[in-house]
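# Structure assessment
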Amino acid sequence: MTVWRDVIGQDPAIATLSRAVTEPASMTHAWLFTGPPGSGRSVAARAFAAALQCPSGGCGECRECRTAADGTHADVDLIATEGLSIKVEQARDLVALAAHRPSVGTWRVIIVEDADRLTERAADALLKALEEPTPRTVWMLCAPSVEDVIITIRSRSRHVRLRTPSVEAVADLLVRRDGVDPPMAMYAARAAQCHVGLARRLARDENARIRRHDVITLASKIRTVGDAIDAASDLSTIATEESQASSAERDASEKAKLLEILGGDPSARTQPPHIRSQISSLEKDQKARATRFSRDMVDRALVDLLSVYRDALVLHTGAPTALVNEDARQTVQQVAQVLSPVRVLVAMDAIGTARERIAANVQPLLALEAMALELRLPR
């Protein structure tokens, strides 16, 4: 067992990173991990951090490996923004952190999970740290593609490209790591389109499977303007419910922990001013996180919806390719029967446009309504 056991389907990347661990000439101060959602960018970065700290180069069992992988190592810092962007103040804090020598490990490692969310000013703040690297400090930046990171940063980083793992590899991971039954693991891996995190949630959460089913069946129900407006509302509601289900317990736990630290009374109707200000700041951060997560859930729902039209196109072409929605073949067949290949492509383009608009801060419901009008089936 090694630190690379959960980095599935990435043999070329593992070879590159392993060589950097064992050969000083192959090591550099900044790495850029790119790959499609679910490919395991942050998992690979954590595994690399663990291997760098491990006396044996990544045994996966020692204290250094375990603490680096689970985020508790003193010299491994993981930055995962919970808002819509990483602001310049956060970047400056990272630069200050990078200047410190490692306290217990061999390297100080800073992992930025969402480097594509750096604002322009934040990226400029990081640039100096990358141009004048501190000895024994390693930056690991994660982003969907190199184009998502400004050129001045990516030109100073070594690129590690990850690919989408196979359905079989993801299913095997779910069985081996999470104890999921093989048939459920295969369904979840296929339905999540090999996104490891989503596959795990689908395999373990029945409500998530129900919500996904509700999304994909919309493709066969939109026939009138009224249907389109209702479908857009349903998509927005599904995303909101998913967001609330994931954040409600966490938000309450964070508030309770803050009150405990500050000595506040959880049962009191009002709190002292200094506690109220801290709670207000926490709630602001939680609101920003909820906004981002809700948009992420809308985007995930659109990816699920897009998979129906992708499958319909597969049926039209007769390609020997497995359907993403084999469990909902009837819905896919209904769409394929009433839409020509050209109309299927138009629908896919409409979904892509909605994703771009939402990413550009268009109000999600408006973008969804415009998209749903394009998805109407012939009457």
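These remarks concern the structure in this document. (Residues numbered from 1 in each chain as written. Predicted model: local features only at pLDDT ≥ 70, side-chain atom pairs only at ≥ 80, totals over all residues. Heavy atoms only, no water.)

### Comments concerning the overall build of the protein chain
The condition that has to hold: Comment: elements are numbered from the N terminus, with helices defined as DSSP H or I runs of at least four residues and strands as E runs of at least two. In this treatment the radius of gyration is a C-alpha quantity, and the globule benchmark scales as 2.2 Å times the residue count to the 0.38 power. Relative accessible area decides the class of each residue, using a 1.4 Å probe on protein chains only: under 20% of the type maximum gives buried, over 50% gives exposed, and in between gives partly exposed. The contact definition used throughout considers only heavy atoms, calling two residues in contact when any of these lie within 4.5 Å. As used throughout, the charge tally considers Lys and Arg to be positive and Asp and Glu to be negative, leaving His and the chain termini uncounted. Throughout, a charge is located at the NZ atom of Lys, the CZ atom of Arg, the CG atom of Asp or the CD atom of Glu.
Each helix and strand counted, the protein chain has 15 helices and 5 strands in total. The globule rule puts the C-alpha radius of gyration for 379 residues at 21 Å, and the 23 Å found for the protein chain is close to it. Out of the 379 residues belonging to the protein chain, those deemed buried represent 44%. If you take every contact in the protein chain between residues at least 6 apart in sequence, the share linking residues at least 24 apart comes to 73%. Distance from the positive charge centre (48 side chains) to the negative charge centre (49 side chains) of the protein chain: 2 Å.

### Description of the nonpolar core
Inclusion rule: We call a set of buried residues a nonpolar core when its members are Ala, Val, Leu, Ile, Met, Phe, Trp, Tyr or Cys and they connect through side-chain atoms within 4.5 Å of each other.
Within the largest apolar cluster, 36 residues are counted, with the highest numbers of intra-cluster contacts made by L235, L302, L305, Y309, L368, M371 and L375. For this core, the secondary-structure elements that each account for two or more residues are α10 (206-217), α11 (225-262), α12 (273-317), α13 (329-338), α14 (341-359) and α15 (364-374). Counting residues per element, this core draws most heavily on α12, which supplies 8 residues. Aside from chain neighbours lying at most four places away, what touches L375 is I222, L305, Y309, A347, A350 and I351. Judged by nonpolar contacts, the second largest core, of 30 residues, contains M27, A49, V76 and V160.

### Details of the side chain of H195
Defined as follows: Any pair of N or O atoms that falls within 3.5 Å is considered a polar contact. Within protein, one atom must be able to donate a hydrogen and the other to accept it, and sequence-neighbouring residues count only if both atoms are side-chain atoms.
Inspection of the secondary structure puts H195 in the loop between α8 (182-191) and α9 (196-204). Polar side-chain contacts of H195 include one of 3.1 Å to the backbone nitrogen of L198. The residues contacting H195, other than those within four sequence positions of it, are P37, G38 and R300.

### Comments concerning the packing of α10 against α12
Just so we agree on the cut-off: For helices, the fitted axis covers only the stretch in contact; all axes are lines through C-alpha atoms, and the angles between them, taken along N-to-C directions, range from 0 to 180 degrees. When describing relative orientation, an angle under 35 degrees is termed roughly parallel and one over 145 degrees roughly antiparallel, while 65 to 115 degrees is termed roughly perpendicular and anything else oblique. For any pair of crossing helices, the crossing counts as left-handed if the nearer helix is rotated counterclockwise from the farther one by less than a right angle, and right-handed if it is rotated clockwise. In this count, Pro and Cys sit with the nonpolar residues alongside Ala, Val, Leu, Ile, Met, Phe, Trp and Tyr, while Asp, Glu, Lys and Arg are called charged and the others, Gly among them, polar.
Orientation of α10 relative to α12, taken along the N-to-C sense of each, is 50°, at an axis distance of 8 Å. The pairing of α10 with α12 is recorded here as oblique in orientation. You can see that α10 and α12 cross each other, and the crossing is right-handed. Residue-level inspection shows R212, V215 and I216 of α10 in contact with α12, the latter providing A301, D304, L305, S307 and V308. Its residues placed into classes, the contact of α10 with α12 shows 5 nonpolar, 1 polar and 2 charged.

### Observations concerning unusual backbone geometry
Negative phi is the rule for most residues except glycine; trans is the rule for most peptide bonds. With phi around 70°, R136 is a residue other than glycine that occupies positive phi space. Within the secondary structure layout, R136 lies in the loop between α5 (120-131) and β4 (137-143). R136 gets classed as partly exposed once you look at its relative accessible area, which sits at 36%. Located in the positive-phi region is N361, a residue other than glycine, with phi close to 75°. Take N361: it is sitting in the loop between α14 and α15. In this structure N361 comes out as exposed when scored by relative accessible area, which is 52%.

### Quick look at the pattern of salt bridges
For clarity, the threshold we go by: Any Lys or Arg side-chain nitrogen located within 4 Å of an Asp or Glu carboxyl oxygen qualifies as a salt bridge.
Applying the stated criterion across every chain, the model contains 15 salt bridges. With a shortest N-O distance of 3.5 Å, R108 and D77 are connected by a salt bridge. Linking R108 in strand β3 (residues 108-112) with D77 in strand β2 (residues 76-79), this pair joins segments that are 31 residues apart in sequence. For R108, a relative accessible area of 7% corresponds to the buried category. Judged by its relative accessible area of 22%, D77 is partly exposed. Across the salt bridge formed by R212 and D304, the nearest N and O atoms sit 3.5 Å from each other. A residue pair is termed long-range when its members are at least 10 positions apart, and R212 in helix α10 and D304 in helix α12 qualify at 92 residues. The network of salt bridges with common partners includes D6, D172 and R176.

### Concerning empty space enclosed by the protein
In this approach a probe as big as a water molecule rolls over the atoms, and the regions it shows empty are the leftover space. To keep things clear, this is the line we draw: Both site types are read off a 1 Å grid over the protein atoms alone. A 1.4 Å probe that fits but cannot get out defines a cavity, while an open set with protein on both sides within 12 Å along at least five of seven lines defines a pocket; lining residues have an atom within 4 Å of a point. Grid points are joined across faces, edges and corners, and a volume is the space filled by probe spheres set on the points.
Applying the stated criterion to the full structure yields 1 cavity of 30 Å³ or more. Size it by volume and the largest cavity reaches roughly 210 Å³. Lining the largest cavity are 16 residues, with R201, R212, E242, R300 and D304 positioned closest to its centre. Those elements that place two or more of their residues in the lining of the largest cavity are α9, α10, α11 and α12.

### Brief notes about the packing of aromatic side chains
Where we set the bar: Put simply, two rings from Phe, Tyr or Trp (the six-membered ring, in Trp's case) pair if the centres are within 6.5 Å, and we call them stacked under 30 degrees between planes, edge-to-face over 60, tilted for the rest. Counted as over-ring charges are cases with an Arg CZ or a Lys NZ within 6 Å of the ring centre that also lie within 35 degrees of the ring normal.
Under the criterion given, the structure shown has 2 aromatic pairs. Here W31 and F48 contribute two aromatic rings whose centre-to-centre distance is 5.1 Å and whose plane-to-plane angle is 80°, an arrangement assigned as edge-to-face. Of this pair, W31 sits in strand β1 (residues 30-34) while F48 is found in helix α2 (residues 41-53), placing the two residues 17 residues apart along the sequence. Accessibility assignment for this pair places W31 and F48 in one class, buried. A network of ring pairs unites the aromatic residues W31, F33 and F48 as a single cluster. Across from the ring centre of W107, 3.9 Å away, lies the NZ or CZ of R136, which sits over that ring.

### Overview of the pairing of β1
Applied cut-off: When DSSP locates at least two bridges between a pair of strands, those strands are taken to pair.
Most of β1 sits out of view: 5 of its 5 residues are buried. In this sheet, β4 lies alongside β1 in parallel orientation, the contact comprising 5 bridges. Bridge pairing in β4 places L32 opposite L141. In this sheet, strand β5 (residues 158-161) lies alongside β1 in parallel orientation, the contact comprising 4 bridges. Bridging from a neighbouring strand, T34 pairs with R161 of β5.

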